[in-house]
Amino acid sequence: MARLAALVVLAVVVLAFPTAAPNAYILSAGIVVLSYACTATAWNFMGGFTGYVSLGHAAFFGLGAYGTGLLIRDLGLPSFVAWLAAGAIVLLVTIPVGIAALRVRGASFVIVSISFVLILLLVFQAWGTFTGGSDGLVVPRPFPDMLRPEHHRTFFYLFAALLAVMLVAWWAIDRSRFGTGLKAVREDEDKAQALGVPTRNYKLVAYVVSATFTGLAGGMYALWFGDLDPIFQFSIMLGAYMVLMALLGGVRHLFGPLLGAVIVGTGLEYFKLEFGDTQFHLVATALLLGVVVLFMPDGIIPAAQALVKRFGPQDSSIREMTAAELLERNRAAAPATTEGDPTAEPTTAVGQEGRHAEGETTTEGPGEGEGPRRGGPGGSSRGTSERMEDAAPRPRTGPEEDR
Amino acid sequence: MTGTLLFQSLVLGVLLGGLYALLAAGLTLYFGVMRVVMIAHSAFLILAAYLAWFFNQQTGMDPLLSLVITVPLFFLVGVGMQRLLITRLRAATLTMMSVLLTFAVALFIEGMIGFVWSGTQRRIQLPYSGASIEFFGARIAVVKLVAFGLAALSLALLYLLMKHSRFGQALRATIQHREAAQLVGIKTDRVAGYGFGLGLATAAIGGTALSLDATIYPSLHWHWIGPLMAIIVVGGLGSIPGAAIAAMVLGIGQSLLQVPLGTTWAQTIFYVALFATLMLRPQGFFGGRLAQRF
């Protein structure tokens, strides 16, 4: 309920921002922050689920932006058709790149991701006749008869809509079997593979989804900003900002990248305004990234949650109901057990932490007929035996300790 | 392409490859001892070049003399970085997080260079800057030869140190199998720190060599890190001879391609080689057991 209220508040704040913004500059800064939020959320499809840190997502941003611009310029496509087509191009380009990059783990993956940005930067700068090179590429505006403030407002909503689509997609994947498989890759890739998670294909799909969304964000940016330069579109800094925002907010949380984007994006705009074109923003970004990596690698959201928990009621290991009461409760619950009962679900190592805790506190104890047959080490969080038989066989979505 | 031009490019490629080999050896050391991809390596390279330039500017002495200061300084910084920063990261996510951490260090260095010495392009003027010698019809700038000599000498020293000293044995044991090295009484943490320092010292030498004949500016390091990382993947992560061979081959390749294609397109050879390696042999061409896991 509180979550729903927060969501409504967030939506109202986002929707009301253009009308509340005092001037066009604030509104355009808001659009920049929102575009950062889009890229960081898109990055999080790969970084958050699989734990593969890509420093080179700016490549897809730039490809989306340039793809949109070039399709409008050379083929004369309508703006938003070109935008979608550019997204499709990014999708197709990502597949071979992803196959190459995902043949290796960890270190090499990062190297490939950075290399991909550098190679595209070189190509787009050198191939001046096609891309405009360092002179830049002017993208025609999609709404030529709109005045500037109106144009800004329209794009603010367009970016917000794109972000909403991404958030819904992330949320859906987070709750799906596919998402669980990806998280298994993040926690222990070898074990996930041994348990039959098709790790390579899962990673590839996540990478492609992530890249396509980044490309769409880039295309939207191109339509809004209207002027592209390889230095800024294929910039390693942009990729670094995505990582920083997502990590700062918390990669395991739906709204983590959004929160990080609001903080970092506002900070960047402030630095640009206060100090102009100096090297200060590099130093500030570096320090923030260092602090986040060293002291807060899980992000703000988990840190804040831990803080709240610290001042809230203490967890105790003493059960507040007697064994008899528990038995009574389990008996009452048993006939009503359906597939969706979270307490009957075997706790997966990669499941939601909240669900994990709930399963443990409510069903732990001397349930009737509970034998050691399913209890491995730490496997006491099982229902009663009759309940286990009632429950339909469940697709195994993660490592289970008893098989 | 005439024969002379070809030969000229070949010689220049060898000279460039020597510098690449030294720097790639440093990157390989970090990776070997800590499984860390050190993005900041080339930032330290540029920092050393700036220090050499600054030294030359202030004292008027040959920038090569700045090595006396920068090499020990960088060694200590490297040890400090390993002890104070890298070891603080969680073991489970070390590889990924260390990339971000060293990326932050690289940005910090770039920002501070720009802040202290401004973004202006700098170049050292030496009495022998314009001098060149004839070598079977190819004209080779003296500064390039000095840079190559410096790189070759350092690589040879590094080789001797790794192969024929007790410390080198301990370092190689740490790279090969950390737990086993601990069992035979090697203080792997300390050795890893020294290995890190040694890697950073190669950046000091490389940077000084670079400062002799290159125009330097703060963001130059991005042009170096891509090729260097491609080299260590092609060579096989963790293999110093592999990195050296790949550096030579790719350096010569880049130099030869520069004639028909121009400098910008010639640089893409590194990335083409990188992607080709990953498709054909993900563990790299000279990588052993270590490279297969990364």
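Residues numbered from 1 in each chain as written. Chains lettered and ligands numbered in written order. Predicted model: local features only at pLDDT ≥ 70, side-chain atom pairs only at ≥ 80, totals over all residues. Heavy atoms only, no water.

### Quick word on the overall build of chain B
What counts here: By definition, any uninterrupted DSSP run of H or I lasting at least four residues is a helix, any uninterrupted run of E lasting at least two residues is a strand, and each is numbered from the N terminus. By definition in these notes, contact holds between two residues if any of their heavy atoms fall within 4.5 Å. Here the accessible surface of atoms and residues is derived via Shrake-Rupley with a 1.4 Å probe, and residues count as covered only by protein chains that are part of the display.
Counting its regular elements, chain B contains 12 helices and two strands. Ordered by position from N to C terminus, the α and β elements of chain B give α-α-α-α-β-β-α-α-α-α-α-α-α-α. Taking all contacts inside chain B whose residues are at least 6 apart in sequence as the whole, residues at least 24 apart take part in 78%. Working note: accessible area of chain B is about 12,100 Å², and carbon and sulfur atoms make up 67% of it.

### As for the overall build of chain A
Rules: Exposed residues in this analysis have more than 50% of their type's maximum accessible area, buried residues have under 20%, and partly exposed residues fall in between, with area computed by a 1.4 Å probe over protein chains only.
Counting its regular elements, chain A contains 18 helices and two strands. Put simply, chain A has 403 residues, and 51% of those count as buried. Residue pairs in contact within chain A that sit at least 24 positions apart in sequence constitute 77% of those at least 6 positions apart. When the accessible area of chain A is evaluated, it comes to approximately 18,700 Å², of which 64% is carbon and sulfur surface.

### Describing the environment of Ala88(A)
All names here are of chain A. Position of alanine 88 among the secondary structure elements: in helix 4 (residues 79-101). Assessed through its relative accessible area of 37%, alanine 88 is described here as partly exposed. Placed 127 residues apart in sequence, alanine 88 and glycine 215 show a C-alpha to C-alpha distance of 8.9 Å.

### Comments concerning the interface of chain A and chain B
Our working definition: We define buried area as the total accessible area lost by two parts upon association, computed with a 1.4 Å probe and summed across both. By salt bridge we mean one thing: a side-chain nitrogen of Lys or Arg within 4 Å of a carboxyl oxygen of Asp or Glu.
Facing 46 residues of chain A, the contacting portion of chain B comprises 40 residues. With both sides pooled, the region where chain A packs onto chain B buries about 3,900 Å², and carbon together with sulfur makes up 83% of that total. When the buried area of chain A at its contact with chain B is split by residue, Ile111(A), Leu122(A) and Leu294(A) rank highest and sum to 15% of it. Joining chain A to chain B, the criterion identifies one salt bridge.

### What about a nonpolar patch on the surface?
Residues and elements named next belong to chain B. The criterion, for reference: Exposure above 30% relative accessible area and the absence of a salt bridge qualify a residue for a patch, where like charges join within 9 Å and nonpolar side chains (Val, Leu, Ile, Met, Phe, Trp, Tyr) within 5 Å.
Together, Ile245, Val249, Met279, Leu280, Phe285 and Phe286 line one region of the surface with nonpolar side chains, adding up to about 570 Å² of accessible area. Only helix 10 (240-261) and helix 11 (263-280) provide two or more residues apiece to the nonpolar patch. When you line up the elements, isoleucine 245 lands in helix 10.

### A closer look at the pairing of strand 2 (residues 138-141) of chain B
Residue and element names in this part refer to chain B. The following threshold applies: Two strands pair if DSSP finds at least two bridges between them.
Side chains Ala138 and Ile140 project from strand 2 onto a buried face, and the interleaved Arg139 and Ala141 project onto a face without burial. Taken together, the four bridges between strand 1 (residues 132-135) and strand 2 define a ladder with antiparallel strand orientation. Residue pairing across strands places serine 132 opposite alanine 141, the latter belonging to strand 2. As consecutive antiparallel partners, strand 1 and strand 2 are separated by two residues, and within that stretch phenylalanine 136 has a phi angle of approximately 50 degrees, a positive value.

### So, the UniProt feature "transmembrane region" (unreviewed entry) in chain A
Selection criterion: UniProt positions are given in the numbering used here, feature names are shortened, and annotations may be inferred rather than shown by experiment.
Residues given the UniProt feature "transmembrane region" (unreviewed entry) here are residues 52-72, 78-102, 109-127, 154-173, 204-225, 255-273 and 279-301 of chain A. For residues 78-102 of chain A, the helix share is 92%, the strand share is 0%, and the end-to-end C-alpha distance is 35 Å.

### A word on the UniProt feature "transmembrane region" (unreviewed entry) in chain B
Residues and elements named next belong to chain B. As annotated by UniProt and renumbered to match this structure, "transmembrane region" (unreviewed entry) occupies residues 6-29, 36-55, 67-86, 98-118, 138-162, 191-212, 224-252 and 259-280. Within residues 6-29, the helical portion is 100% and the strand portion 0%, while the C-alpha atoms at the span's ends are 34 Å from each other. Counting secondary structure, residues 36-55 comes out at 75% helix and 0% strand; the distance between its end C-alpha atoms is 31 Å.

### Observations regarding the nonpolar core
Stated formally: Here, the term nonpolar core denotes a set of buried Ala, Val, Leu, Ile, Met, Phe, Trp, Tyr and Cys residues that are joined through side-chain atoms within 4.5 Å.
Residues Leu55(A), Met38(B), Phe44(B), Phe103(B), Phe196(B) and Ile231(B) are the most contacted members of the largest nonpolar core, which totals 204 residues. Element by element, the count of residues in this core is highest for helix 5 (residues 106-126) of chain A, at 15 residues. The residues contacting Phe196(B), other than those within four sequence positions of it, are Tyr30(B), Val33(B), Met34(B), Val36(B), Met38(B), Gly78(B), Met81(B), Gln82(B) and Ile86(B).

### Quick notes on the pattern of salt bridges
Residue and element names in this part refer to chain A. In total, this model carries 10 salt bridges over all chains according to the counting rule given. Here arginine 73 ties to aspartate 74 by a salt bridge, and the two come within 2.8 Å at their closest N and O atoms. For arginine 73, a relative accessible area of 37% corresponds to the partly exposed category. Its salt-bridge partner being glutamate 269, residue lysine 272 comes within 3.7 Å of it at the nearest N-O pair. Taken together, the positions of lysine 272 and glutamate 269, both in helix 13 (residues 256-275) and three residues apart, correspond to about one turn of that helix. The class for lysine 272 is exposed, based on a relative accessible area of 52%.

### Details of the confidence of the model for chain A
Residue and element names in this part refer to chain A. Rules: Residue-level confidence of the predictor is what pLDDT reports, using numbers from 0 through 100.
The share of residues in chain A with pLDDT of 70 or more is 80%, and the mean pLDDT across the chain is 79. The least confident element of chain A is helix 18 (residues 385-390), whose mean pLDDT is 40; the most confident is helix 10 (residues 199-225), at 93. Counted against residues more than four places away or in other chains, residues 338-403, with its pLDDT under 50, gives 82 contacts.

### Section: the packing of aromatic side chains
Where we set the bar: Aromatic pairing here means that ring centres of Phe, Tyr or Trp (its six-membered ring) are within 6.5 Å. Orientation follows from the plane angle: under 30 degrees is stacked, over 60 is edge-to-face, and everything else is tilted.
If you walk through the whole model with that rule in mind, you get 34 aromatic pairs over all chains. Taking 4.5 Å as the distance between ring centres and 15 degrees as the angle between the ring planes, the aromatic pair formed by Phe49(A) and Trp170(A) counts as stacked. With a gap of 121 residues between them, Phe49(A) in helix 2 (residues 24-50) and Trp170(A) in helix 7 (residues 148-174) connect regions that are remote in the sequence. Pair check on accessibility: Phe49(A) and Trp170(A) agree, each one buried. Where Tyr221(A) meets Phe225(A), the ring centres are 5.3 Å apart and the plane angle is 15 degrees; that geometry is what we call stacked. Pair noted here: Tyr221(A) and Phe225(A) are both in helix 10, with a separation of four residues, about one helical turn. A relative accessible area of 46% means that Phe225(A) is categorised as partly exposed. Among the aromatic residues, ring-to-ring pairing joins Tyr52(A), Phe60(A), Phe109(A), Phe116(A), Tyr207(A) and Phe275(B) into one connected group.

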